[in-house]
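Chain by chain, the residues:
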Amino acid sequence: MHIEPFGVEIWMNEWETRCELNLAETCVESLTIAELLTLAGRNSDELSELLSMKLTYGAIEGSDRLRAAICALYEQQTRENVIVTHGTIGANMLVHKTLVSRGDRVVAVVPTYQQHFSIPESIGADVQQLRLREEDNWLPDLDALRALVQQGTKLIAINNPNNPTGALMGRDMLEGIAEIARGADAWVLCDEVYRGTNQEGAGTGPSMADIYEKGISTASTSKAFSLAGLRLGWIAGPKAVIEAVSIHRDYDTISVGMIDDHFATMALEHAERVLQRSREITRENLAALSEWVAREPLISWVKPSAGTTALLKYELPMSSREFCVDLLKETGVMFTPGAALNMEGYVRIGFANGPDVLKEGLRRVSHFLRNRD
């Protein structure tokens with residue numbers, strides 16, 4: 001099976017350990033175990049409970065407590081509608097492998113996480129890409145989507161909030177996508193790994209799994225919940241999908257780790273406290289980033305409405321890889337080149353680090369830009 005090299009992951013593997021200030025990071029500033037215990041109203045005595053834990057495979061689908069905590073993040077999902085995976089990356093892979101066959105039409109809204117078009121392409125699917133446009137504030141044109149979703153389309157793949165743009169589709173637009181999918185009897189896979197980071201209001205928008213009867217939502221503890229080190233995600237969707245996914249999952253997952261399950265349960269049982277911390281970080285940092293963009297004549301953007309990343313358009317006669325490599329070598333600051341996302345002429349910045357890291361990084365980027373103006 002041939003699959004395209006994963007542009008973003010190759011870039012991160014090449015440079016992530018060689019930078020000083022990682023503004024390519026997409027996770028909200030990671031929690032320590034001590035910080036997680038505090039948010040959960042516990043203390044270090046909690047760790048003593050782990051000493052008697054026998055490190056078996058544990059509950060294959062995820063513990064009952066964990067799946068109940070995941071269900072609480074949704075309006076309509078029950079434990080039978082949820083299965084635990086190795087991160088959102090594992091969840092997405094399982095959904096594509098389970099639902100997509102050679103020759104099936106898959107419509108992927110891009111830019112997005114590369115899994116959502118490269119995996120179905122590797123299977124031999126007929127993958128059609130709907131490209132988001134800056135003039136549409138990086139939101140999909142539903143008429144253009146409708147034109148691509150022919151009768152018999154197997155799957156529509158979306159990412160909400162969107163990586164890399166930070167655009168957010170509200171309930172009305174999600175319902176519009178569901179209506180288009182319903183007309184073609186298509187599944188909708190919505191990668192919701194950044195859900196819970198909205199810049200306004202309560203911070204958590206609706207889920208496709210709750211909106212559409214053939215809607216499938218994937219997510220994890222990595223981005224909004226600041227616990228990427230657990231490598232724990234999930235799929236929420238119709239029971240028939242969960243049962244079908246389980247057949248594939250037996251071949252590449254078996255179960256997640258007992259300790260991962262334990263700490264993920266703790267975080268999700270106190271989800272609102274964890275997400276409140278994440279929203280405080282992302283809202284404060286986005287305000288600082290917005291002020292910085294306004295001061296930089298060579299930089300423009302569509303301000304994100306959610307998530308942890310933004311696309312910055314730069315006005316310099318150089319490729320995005322040249323921009324990012326030169327920036328890193330001269331300043332120690334790491335961005336992600338748009339070329340890794342099929343978005344040449346842009347760079348992606350992550351704005352969910354600690355505020356001091358972001359502000360120092362932006363100061364150095366300003367110096368880099370002034371030397372080229």
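Report on the accompanying structure. (Residues numbered from 1 in each chain as written. Predicted model: local features only at pLDDT ≥ 70, side-chain atom pairs only at ≥ 80, totals over all residues. Heavy atoms only, no water.)

### With respect to the pairing of strand β5 (residues 155-159)
Of all the 5 residues making up β5, 5 are buried; the element is thus mostly covered by neighbouring parts of the structure. Side chains of β5 alternate between two faces, with Leu155, Ala157 and Asn159 and Ile156 and Ile158 buried alike. Inspection of the sheet shows strand β3 (residues 105-110) paired to β5 by 3 bridges, in the parallel sense. Bridge assignment links valine 106 to a residue of β5, and that residue is leucine 155. Alignment of β5 against strand β6 (residues 187-191), held across 5 bridges, turns out to be parallel. Looking at β6, one finds that leucine 155 is bridged to tryptophan 187. Considered for its hand, the β-α-β crossover made up of β5, helix α7 (residues 171-184) and β6 is right-handed. (Buried < 20%, exposed > 50% of the residue type's maximum accessible area, 1.4 Å probe, protein only. Helix = DSSP H or I, 4+ residues; strand = E, 2+ residues; numbered from the N terminus. Pairing = 2+ DSSP bridges. Right-handed = clockwise from strand over helix to strand, strands pointing away.)

### A short note on the pairing of strand β13 (residues 346-350)
On any regular strand, side chains alternate: one points to one face of the sheet, the next to the other face. Across the 5 residues of β13, 5 count as buried, placing the element largely inside the fold. Residues of β13 alternate between two faces, with Tyr346, Arg348 and Gly350 on one and Val347 and Ile349 on the opposite face, all of them buried. Here 2 bridges tie strand β12 (residues 336-337) to β13, and the two strands are oriented antiparallel to one another. If you follow threonine 336 over to β13, its bridge partner there is arginine 348.

### Brief notes about the sheet that holds strand β4 (residues 126-131)
Paired through backbone hydrogen bonds, the strands of a sheet run either parallel or antiparallel to each other. One open sheet accounts for 7 strands, arranged β2-β8-β7-β6-β5-β3-β4; its pairing is mixed. Of all strands in the sheet, those bounded by a partner on one side alone are β2 (82-85) and β4. Recorded for the sheet is a direction-independent mean angle of 20° between the axes of neighbouring strands. Helix-sheet contacts for helix α3 (residues 64-71) involve β2 and β8 (233-236), and the interaxial angle to β2 is about 110°. Helix-sheet contacts for helix α5 (residues 115-123) involve β3, β4, β5 and β6, and the interaxial angle to β4 is about 160°. (Axes fitted to C-alpha atoms, helices over the stretch in contact; angles between N-to-C directions. Contact = heavy atoms within 4.5 Å.)

### Let's talk about the sheet that holds strand β9 (residues 299-300)
If you walk across this open sheet you meet the 4 strands as β9-β10-β13-β12, and the pairing is antiparallel. A single partner strand is all that each edge strand has here, and the edge strands are β9 and β12. Inspection of the sheet shows strand β10 (residues 309-314) paired to β13 by 5 bridges, in the antiparallel sense. In the strand pairing of β13, leucine 311 is matched with arginine 348.

Nothing here speaks to function; it is all geometry.
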